[in-house]
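For reference, the chains in residue letters:
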Amino acid sequence: MNEKLAAARFLQPSLAPTELVSICDMLEYPADRKLGDVALPCFKLSKVLRKAPQKIAEELCEAVKADPDSAEIFEKVENVNGYLNFYVSDKAVLQDLLAMDKEDFGSSEVGKGKTVVIDYSSPNIAKPFHIGHLRSTVIGQSIKNIHRFCGYTCVGVNHLGDWGTQFGKLIVAYKKWGNREEIEKRGIKALTEIYVRFHEEAEKDPALEEEAREAFSKMEKGDEECISLWKWFVEISIAEFKKVYALIGADFESWNGESFYFDKTEDVVKALKEKNLLKFDGGAYIVPLDEYGMPPCLILKSDGSTIYATRDIAAAFYRKKTYDFDKCIYVTSAGQSLHFAQFFKVIELMGEEWAKDLVHVPFGTVSIGGEKLATRTGNVVLLEDLFREATEKTLAVINEKNPTLENKEEVASAVGVGAVIFHDLSNGRIKDINFILDDVLNFDGNTGPYVQYTYARCSGILEKAGTWQCENWVLTSDAERAIIKTLGLFPEKVDQARRELEPSVITRYLLDVCAEFNRFYHDCPVLKADNEAVRATRLGIVKATANVLCNGLHLIGLKTPKNI
C-alpha cells in the first residue's frame, strides 16, 4: 500500500474530476509524524474551489470519515489549520511489512514491453580510465539498473571514442617513440605516455600536427598499416576498460563506438540534402539553427570529413532501427548540452517523430584542486589507482577489527570500490565535484561503507535467529512504526529516481533507512524480545530492511557482503 495513493482514493470522489495521480502529487509527507503520515495542504485547492483552506479541509475530512473503508487504513483523519492529516493504522502498517518480505520489493512492471537505450561511460580509446569517466559510468549504470528494476528492457551502449584526429597523433607518436613490447606489457599507461609526449613535442615542432592529420586521413581511406595500429590500440584499451567495469559492475549490450558509424554518415548527409536542411557556409556544410536560439550544427567540415554530430545522428537512426526504443538516454557532461540540443533538433527537423524520445542526462564536471582534468597534461587520477588505494584502506581496517573474516580481500574490494561509487552518487548529478582524495576515502559518516555495514548487521541478526515465523505480528513502539513507514517509501523512491533520472534519490534514501533502522535497533531488542510475537515482528522488520538495502545498493552499483 502506498499511503499517498490510499489517501488519494478516498479523496477523489470529493475532488472529481481531478485525476488520482494529480491528487497524489498534491499530498506530502509531514516532516513531523505527529502531524500525520501523509497530509493534504488545502491551500492548493482554495483558488479552484473558491473556499477557505480550513473549510475545504473540514469538508474533505467529513467525506473521508463517512467512507467506512477508510478506517481499515487510517486510524485517524483530522483537519488542522487548512491541512488534512491522515494517520495510518497499525493494521495497515503490518500489512505493509508483510509485503516487504518479497526479495523483489520495490520493483515494478511500469516499463513492461518498453525498451530504453542508455548511452554511457564511452571513454576514449588509448587514454586511461580516470575519475572523469567515473561519473558517466556510475550514473549511467545506476539509471540502467533502475529502469531494469522497473521492468524495462535495457540496452547499455558504450559509445567508445575510437575515431578522430587523436588517433593520427597516436600513430605518429607510436612510430616515433613507441615500443611494441613495452605497450603490450604496460598497456594504456604506455600509450598515454607517448600521447602526452606528442603534445609536448608538437609545441616545439608544429609540423607534427600536420603529420597527425595526414595519418588520420590515411586511416579514413583504409590504409592497412594505420588501420592495423588503430585496431591494436582499441584491443589494448578495451581489455583494460573491462577490468574497471568488472569492479564497478557495469555491463553493456553494445560496444559500438564512433568508428562503427563512419560508413553510415553518408545516408545522414543525403537525407539532410533531400530535405533541404543542409546549407553550404564558409566551405563547410551546416544545418542552421539560429531561429531556435542555437549556433548552426556542423555536419561536414571543409575537407569533407564528418564530425561528432554527424556520427551521433547516424547512431541515433541506427539505434531506433535496431532497438525501436521508447527512450534513448545519453549520460554525458553538462558541457556537452549544446551538442545534444543541436543534433536532437536536427533529427526533429528531419521529420522524425521519435526525436522527442531522445534525452540528454547532464552531470557536473570533475576537477582536481580546482583545475580541469586533462590527459595530455597528466592532471588525472586513474581509477585503477583510486580503487586500489580504497581497497587497501578497507583491508587495513578489516585486519584491525575483524582479522579472521573470510574472503576479506573480496570484501575489502566491495567496500572500497563501493565507497568511491557512493561518494560520487551521494549528491545530485548536476553538481560539480572538486575531487579530494581524503574526502573520497573517508569512510566515516554518511558513506557507502555505512550502508553496507548496516546491511551486514541485518544479515548477521537474521543468521543468528535461524528459522522463525509468526502469524500474529504486533507493533509495540514508535521506532518500529517509523522504520516500517520509511521502508514503505522504497517503491516511490525508485519511481522518483526513474522519472528524474537521478540516482542520488536512492543514495539519500538509503541513508535515511540506515538512520531509522539504527534507531529501531537501539530502542528495540530483536533476538531477546519480550515474547515470540514481538520477536517475530522485529525480525520481519530486520528482513524487510535487509531487502530494501540489498535492492537499493544494487540499484546504485554497490555489492552487498553479508559480513564486514
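Further up the page is the structure itself.
Residues numbered from 1 in each chain as written. Predicted model: local features only at pLDDT ≥ 70, side-chain atom pairs only at ≥ 80, totals over all residues. Heavy atoms only, no water.

Novice: Any chance you could explain the side chain of Arg535 here in plain terms?
Specialist: On the secondary structure map, Arg535 appears in helix α23 (residues 532-555). Residue contacts for Arg535: discarding those within four places in its chain leaves Ala465, Trp468, Val526, Leu527 and Ala529. (Helix = DSSP H or I, 4+ residues; strand = E, 2+ residues; numbered from the N terminus. Contact = heavy atoms within 4.5 Å.)

Novice: Mind showing me how you'd approach unusual backbone geometry here?
Specialist: Residues other than glycine predominantly adopt negative phi, and peptide bonds predominantly adopt the trans conformation. Cis geometry is found at the peptide bond from Ala16 to Pro17, where omega equals 10 degrees. Look at Arg50: it is not a glycine, yet its phi comes out positive at around 55 degrees. Within the secondary structure, Arg50 is located in the loop between α3 (43-49) and α4 (53-66). A positive phi angle, near 45 degrees, is found at Asp324, a position not held by glycine. With respect to the secondary-structure elements, Asp324 resides in the loop between α14 (308-323) and β9 (327-333).

Novice: What's the story with the pattern of salt bridges in this structure? I'm lost.
Specialist: Opposite charge on two side chains lets them pair, provided their charged atoms get close. For the structure on display, the rule yields 32 salt bridges. In this structure, Arg481 engages Asp478 in a salt bridge whose closest nitrogen and oxygen atoms are separated by 3.2 Å. Of the two residues, Arg481 and Asp478 are both situated in helix α20 (residues 478-487); the distance of three residues between them amounts to about one turn of the helix. The shortest N-O distance in the salt bridge between Glu532 and Arg535 comes to 3.9 Å. Of this pair, Glu532 and Arg535 both sit in helix α23, three residues apart, roughly one helical turn. Exposure remark for Glu532: the relative accessible area of 46% places this residue in the partly exposed category. Take Arg535: its relative accessible area is 16%, and that puts it in the buried class. (Salt bridge = Lys/Arg side-chain N within 4 Å of Asp/Glu carboxyl O. Buried < 20%, exposed > 50% of the residue type's maximum accessible area, 1.4 Å probe, protein only.)

Novice: Would you explain helix α16 (residues 383-401) in this entry?
Specialist: In an α-helix, one turn spans 3.6 residues, which is why side chains three or four residues apart end up on the same side. With 19 residues, α16 should reach 27 Å at 1.5 Å per residue; the first-to-last C-alpha distance of 27 Å fits that figure. Along α16, the positions that sit buried rather than exposed are Leu383, Leu386, Phe387, Ala390, Thr391, Thr394 and Ile398. Each buried residue of α16 lies within a common arc of 125 degrees when the element is viewed along its axis, so the set occupies one face. Packed against the buried residues of α16 are α7 (131-149), α12 (224-248), α17 (408-425), β13 (433-435) and α18 (437-440). (Expected span 1.5 Å × (residues − 1). Arc of directions from axis to C-beta.)

Novice: Could you clarify how one ought to interpret the sheet that holds strand β2 (residues 74-80) in this entry?
Specialist: What holds strands together in a sheet is hydrogen bonding between their backbones, with the strands either parallel or antiparallel. Taken in spatial order, the three strands line up as β1-β3-β2 in an open sheet, and their pairing is antiparallel. Every interior strand has two partners, whereas the edge strands, β1 (38-41) and β2, have only one. Adjacent strand axes in the sheet meet at a mean angle of 15 degrees, parallel and antiparallel pairs treated alike. Here β1 runs beside strand β3 (residues 83-88); their pairing, made up of four bridges, is antiparallel. Following the sheet pairing, Pro41 is matched in β3 by Tyr83. Together, β1, β2 and β3 form the strand contacts of α4, whose direction differs from that of β2 by roughly 160 degrees. (Pairing = 2+ DSSP bridges. Axes fitted to C-alpha atoms, helices over the stretch in contact; angles between N-to-C directions.)

Novice: When you look at the sheet that holds strand β5 (residues 153-157) in this model, what are you seeing that I'm missing?
Specialist: The sheet built from four strands is open, its strands ordered β5-β4-β9-β10 with parallel pairing. Lying at the two open borders of the sheet, with one neighbouring strand each, are β5 and β10 (358-363). Taken pair by pair, the neighbouring strands of this sheet meet at an average axis angle of 20 degrees, ignoring direction. Two elements, β9 and β10, share six bridges in a ladder whose sense is parallel. Looking at β10, one finds that Thr332 is bridged to Pro362. Against the sheet, α7 makes contact with β4 (115-119), β5, β9 and β10, and its axis sits at roughly 155 degrees relative to β9, the strand it touches most. Packing against the sheet, helix α15 (residues 337-349) makes contact with β9 and β10, and its axis sits at approximately 175 degrees to β10.

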